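Overview (structure and organization)
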Amino acid sequence: MRRLTPRQQALVQLLADGEFHSGEQIGERLGISRAAVSQQLKGLRTLGLEVFSVSGRGHALAHPLELLDPALLQQAVGGAPVHCVAVVDSTNDYMMSRLADWRKGECLLAESQTAGRGRRGRQWVSPFGGQMILSLYWRLEQGLGAAMGLSLVVGVALAETLVHEGYDHMGLKWPNDLYSHGQKLAGILVEMSAIAGGSCHLVIGVGLNLAMSLQQGESITQAWSSLESLAPGRKIERNRLIAAFIGNLRQALETFEQQGLAPFIERWAAFDIYRNQPVQLLLGEERVTGTVRGIDEQGGLLLETETGLHTYVGGEISLRPMLESCRISPSE
Ligand code: ATP
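Here's what I pulled together on the structure shown here.

Conventions adopted
Residues numbered from 1 in each chain as written. Predicted model: local features only at pLDDT ≥ 70, side-chain atom pairs only at ≥ 80, totals over all residues. Heavy atoms only, no water. Buried < 20%, exposed > 50% of the residue type's maximum accessible area, 1.4 Å probe, protein only. Helix = DSSP H or I, 4+ residues; strand = E, 2+ residues; numbered from the N terminus. Arc of directions from axis to C-beta. Contact = heavy atoms within 4.5 Å. Pairing = 2+ DSSP bridges. Axes fitted to C-alpha atoms, helices over the stretch in contact; angles between N-to-C directions. Near = heavy atom within 4 Å. Polar contact = N/O pair within 3.5 Å; in protein donor to acceptor, adjacent residues only side chain to side chain. Areas by Shrake-Rupley, 256 points an atom, 1.4 Å probe, with all protein chains shown as cover. 1 Å grid on protein atoms, 1.4 Å probe; cavity = no way out; pocket = protein on both sides within 12 Å on 5 of 7 lines; lining within 4 Å. Sits in = over half its atoms within 2 Å of the grid points.

**Points about helix H2 (residues 23–30)**
- Of all the positions in H2, only Gly23, Ile26, Gly27 and Leu30 are classed as buried. One side of H2 holds all its buried residues, which, seen down the axis, span an arc of 100°. Those residues of H2 that are exposed and aimed more than 90 degrees away from the buried face are Glu28 and Arg29.
- Along its buried surface, H2 packs onto helix H1 (6–15), helix H3 (34–46) and strand E2 (58–61).
- Phi turns positive, to about 70°, at Gly31, one or two residues after H2.

Laid out in structure tokens, this is it:
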């Protein structure tokens with residue numbers, strides 16, 4: 001885990017406007033030589049920041065950037081601590097490896113991850129400053145069984161936060177991904193561990209794309225987008241947006257703990273992008289095709305197949321749209 005050095009912090013803050021700054025100007029502001037400026041810029045690139053250097057103009061970040069501000073976040077959300085780091089392998093891994101250390105609602109945010117993960121170990125691409133990378137600790141006294149459907153609750157909290165912030169066309173794919181216009185905007189990864197005595201630890205990880213260049217996203221294996229590309233030219237107030245989400249997520253978790261999934265079923269349905277759509281479910285080697293009919297009261301997927309209506313639950317299932325070619329009827 002790494003934090004920015006005070007000098008790196010000052011340099012990023014200087015470049016954060018996305019404008020060009022000459023080496024001379026940077027040197028003066030930081031009180032260092034031109035050679036040291038080059039070294040510092042190299043350090044930022046090592047952290048994964050995209051810094052352009054153009055002779056005669058100077059140095060600029062690929063995107064304007066608002067660094068994570070732990071004091072501002074803490075003040076905005078109150079309650080359990082909010083921690084921010086520059087680089088970590090994975091915020092979920094870090095929290096999962098120290099489960100006894102956290103208070104309910106405590107958060108860890110990172111500017112970037114070197115080993116961000118999706119489900120089943122798939123890679124989650126998380127370049128410096130381009131996302132909300134958040135893990136939140138929760139504890140359920142009722143145990144693992146009561147956590148069923150939790151990733152749907154997280155999806156609802158995320159989608160509703162973004163709609164409230166003025167972003168339209170938010171959609172959820174069962175069980176845990178946020179899409180917009182058919183492109184993946186955020187991933188959710190809920191990890192759990194039982195505690196002797198019946199309760200359980202939960203680490204809720206969310207990666208939301210805010211502003212990423214095509215180059216930064218080039219290793220992503222499916223169509224993706226970012227908030228910036230959904231509303232070009234609109235400034236993303238990163239810390240304010242993150243604080244709003246943390247507040248909504250904590251509130252949603254309280255509700256879930258007291259009332260279960262019931263208050264979220266309709267809210268989830270409002271974002272269900274595959275409702276009444278033909279899909280394929282991947283269950284390991286097995287494939288099941290059918291039409292999505294929403295979710296049941298435990299958060300299981302309701303799929304109508306040739307043999308009737310069935311419920312599917314479990315972390316090993318992936319939902320995929322039917323290929324367009326499979327949907328074209330012979331008469332078309
Ligand atoms: P499912 O959960 O239904 O199996 P999935 O393939 O999207 O779907 P996840 O484990 O949820 O799998 O997420 C990991 C996948 O997300 C990666 O395999 C990659 O395709 C995609 N991905 C990785 N990084 C990003 C990113 N920053 N933005 C959007 N998508 C990403």
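**Re the sheet that holds strand E4 (residues 107–113)**
- Spatially, the 7 strands line up as an open sheet ordered E3-E4-E5-E9-E8-E7-E6, and their pairing is mixed. A single partner strand is all that each edge strand has here, and the edge strands are strand E3 (82–88) and strand E6 (171–173). Strand-to-strand, the axes of this sheet are offset by a mean angle of 20°, without reference to chain direction.
- For E3 and E4, the ladder comprises 6 bridges, and the chain directions are parallel. If you follow Val88 over to E4, its bridge partner there is Gln113.
- Seen against the sheet, helix H4 (residues 70–77) touches E3 and E4 and runs at an angle of roughly 145° to E3.
- Along the sheet, helix H8 (residues 238–259) makes contact with E3, E4, strand E5 (131–140) and strand E9 (200–209), crossing E5 at roughly 25°.

**Thoughts on the site of the ligand**
- Looking at the ligand, there are 21 residues lining it, with Arg119, Arg122, Lys184, Thr221 and Ser318 nearest.
- At 2.5 Å from an oxygen atom of the ligand is found a side-chain nitrogen or oxygen belonging to Lys184.
- Within the side chain of Gln222, an N or O atom sits 2.9 Å from an oxygen atom of the ligand.
- Expressed as a share of its isolated accessible area of 620 Å², the protein-covered part of the ligand is 96%.
- Comparing atom positions with the cavity grids shows the ligand to sit within the largest pocket.
- Looking at the shell around the ligand element by element, the count peaks at 3 residues for strand E14 (residues 317–321).

**What about the pairing of strand E7 (residues 177–180)?**
- Neither face of E7 is open: one carries Asp177 and Tyr179, the other Leu178 and Ser180, and all of them are buried.
- Bridging between E6 and E7 involves 3 bridges; their strand directions are antiparallel. Across the sheet, residue Gly171 finds its bridge partner in E7, namely Tyr179.
- Where E6 hands over to E7, the hairpin turn is made up of 3 residues, counted between the paired strands.
- In this structure, E7 lies alongside strand E8 (residues 183–194), joined through 4 bridges in antiparallel fashion. Along E8, the bridge assignment pairs Asp177 with Gly187.

**What about the environment of Ser53?**
- As for its position among the elements, Ser53 is in strand E1 (residues 51–54).
- Take Ser53: its relative accessible area is 42%, and that puts it in the partly exposed class.
- Taking C-alpha positions, Ser53 is 9.2 Å from Ser22, a pair spaced 31 residues apart along the chain.
- Not counting the four nearest positions on each side in its chain, Ser53 is found in contact with Arg45, Gly58 and His59.
- In terms of polar contacts, Ser53 uses its side chain to reach the side chain of Arg45, at 2.8 Å.
- In terms of polar contacts, Ser53 uses its side chain to reach the side chain of His59, at 2.8 Å.

**Describing the side chain of Gln8**
- For Gln8, the location among the structural elements is in helix H1.
- Taking relative accessible area as the criterion, Gln8 reaches 8% and is therefore assigned buried.
- Residues contacting Gln8, with those up to four places away along its chain left out, are Arg2, Arg3, Gln40, Gly43, Leu44 and Leu47.

**Brief notes about the environment of Ala16**
- Position of Ala16 relative to the elements: it lies in the loop between H1 and H2.
- Judged by its relative accessible area of 15%, Ala16 falls in the buried class.
- Here the alpha-carbon distance between Ala16 and Tyr137, two residues 121 residues apart in the chain, equals 30 Å.
- Those residues in contact with Ala16 that lie beyond four places of it in its chain are Leu61, Pro64 and Leu65.

Spatial relationships are all this shows, so hold off on functional conclusions.
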